[in-house]
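The primary structure of each chain is shown beneath.
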Amino acid sequence: MRVVAKFGGTSLGNGDRINRAADSIAAAVQQGHEVAVVASAMGNTTDELLDGIEYEAADEDRAEIVSMGERTSVRMLKGALAARGIESVFLEPGSEDWPIITDEYGEVDVEETRKRAHALAGQLKDVVPVMTGFLAEDHHGNVTTLGRGGSDTSAVMMGNYMDADEVVIVTDVEGVMTGDPRVVEGARNVGEISVDELRSLSFRGAEVVAPSALSYKDAALGVRVVHYQHGDLLTGGTSIEGEFQNLIDLQENPVACVTVAGRAIRNSPGILAELSGAIAEEDINIEANSSGMDSLTFYVDADDADDAEALLHSRVVDDETLSSVTVEDGIAVIRVTGGDPSQSDLARRVVDPVSEAHIHLYDVITSATSVSVFVPWEDREQALELIQEVF
Ligand SMILES: Nc1ncnc2c1ncn2[C@@H]1O[C@H](COP(=O)(O)OP(=O)(O)O)[C@@H](O)[C@H]1O
Ligand SMILES: N[C@@H](CC(=O)OP(=O)(O)O)C(=O)O
């Protein structure tokens, strides 16, 4: 097997953990596997280095300073591997065989990086490369970074471009857990989780795997998260399943929107739950909802629109905080999930072409990993084509 093993700051936090990391690498090499290592800075080193910069530092200086964490780790690991009789070489920006190349802003040069990663993969039979995670080199030889938490991205990117079988992310938890074990009690390993599920969690705080790393996960590449105490790189932990994909989906059937207005809506915290509950009790499925300052909108199947309107109207009549209800049908829903791994402004990239074509947008419902636009049914094909052109 060809494996990329990424050791996070927590798994290199002290001498004992560095020894454990080296033991697990040595064991995998001795079993005949090809191993490349990606190392983060030890413990909180990156934060401490950044805390030390209390002046207006130029970007190049900042990147050079922050790089010292990872530069130290790779030397530590190389030394520990040598002590175990394992031949390794450390790679950092500036090294002859350094693979990850970006522009000056840290956007990856995919073609160049792929070519260099491929060349590095050819050396794995003879030597274990121990690479600095998080760091990259621009076309002028300056250090750049892939952003905080970027070692996960380095590892999955290298796994992909080196045609590895598996990327193993070694950290201080058993795997992806049912909740953050530092916060909730009784969290347990989920065993398996899909790329899309984990991206939704990691974009919103679950730092166990950086979201941008998952953009490099394809179906052929295994990604696993294991605890540093586990000791074996090739078993256990949580498997991340599936692949990162861009999905642009035009919903087959039109929907209707039912909107309730009322000036007191903004001061009625339970109102959304109350009205959604009333609609659900009638077995009407709410596809999505959105809220304005003085209004709430529910998207339902076109066939259910009259029932939903009648139901909400009875509430409006009874409840003086609500003023009126209206329905519009013939609405198409286009959902976009994923986005371009190197770009974060998914919502703008979906919405701009639609609004520039003067297509009416009833709603845009966004999250960090997906965007749904609600447009007139008759404009659906044009809107779909415009969005597809962007991706
Ligand atoms: N759902 C979750 N499952 C596992 N760990 C989680 C989850 N949500 C948050 N975490 C946190 O992620 C931490 C691991 O990420 P991080 O500190 O970045 O590790 P590393 O230094 O190895 O990259 C865990 O210590 C845990 O507190
Ligand atoms: N050391 C860098 C990169 C990184 O990915 O760290 P970790 O693997 O410990 O999350 C940071 O702190 O941002």
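Given the structure is predicted, the values throughout are model-derived calculations rather than measurements. (Residues numbered from 1 in each chain as written. Chains lettered and ligands numbered in written order. Predicted model: local features only at pLDDT ≥ 70, side-chain atom pairs only at ≥ 80, totals over all residues. Heavy atoms only, no water.)

So what about the site of ligand 2? Which residues, and what values?
Ligand 2 sits among K6, G8, G9, S40, A41, T46, E70, F134, R148, G149, G150 and S151. Between ligand 2 and the protein, one listed contact pairs an oxygen atom with a side-chain N or O atom of S40 at 2.7 Å. Its free accessible area being 340 Å², ligand 2 has 81% of it covered by the protein chains. Here the residues of the shell around ligand 2 are counted per class, giving two nonpolar, seven polar and three charged. (Near = heavy atom within 4 Å. Polar contact = N/O pair within 3.5 Å; in protein donor to acceptor, adjacent residues only side chain to side chain. Areas by Shrake-Rupley, 256 points an atom, 1.4 Å probe, with all protein chains shown as cover. Nonpolar A, V, L, I, M, F, W, Y, C, P; charged D, E, K, R; others polar.)

How would you sum up the pattern of salt bridges? Please name residues and give values.
Scanning the entire structure with this criterion turns up 17 salt bridges. Close ionic contact of R224 with E166 constitutes a salt bridge, the shortest N to O distance being 2.8 Å. Placement of the pair is R224 in strand β10 (residues 222–227) and E166 in strand β8 (residues 166–171), with a sequence separation of 58 residues. Of the two residues, R224 and E166, neither departs from the other in class, the shared state being buried. Residues R182 and D172 are paired through a salt bridge, measuring 3.4 Å at the closest nitrogen-oxygen approach. Placement of the pair is R182 in the loop between β8 and β9 (192–194) and D172 in the loop between β8 and β9, with a sequence separation of 10 residues. Relative accessible area serves as the criterion here: at 27%, D172 is assigned to the partly exposed category. A cluster of three or more residues bridged by salt bridges with shared partners is formed by E64, R71, R75 and E92. (Salt bridge = Lys/Arg side-chain N within 4 Å of Asp/Glu carboxyl O. Helix = DSSP H or I, 4+ residues; strand = E, 2+ residues; numbered from the N terminus. Buried < 20%, exposed > 50% of the residue type's maximum accessible area, 1.4 Å probe, protein only.)

Account for unusual backbone geometry, naming residues and giving values.
Its identity is not glycine, yet F134 carries a phi of approximately 75°, on the positive side. We note that H358 has phi near 60°; this positive angle belongs to a residue other than glycine. Within the element layout of this structure, H358 appears in the loop between α10 (346–356) and β17 (363–366). Judged by its relative accessible area of 73%, H358 falls in the exposed class.

Shape descriptors only; they carry no functional weight alone.
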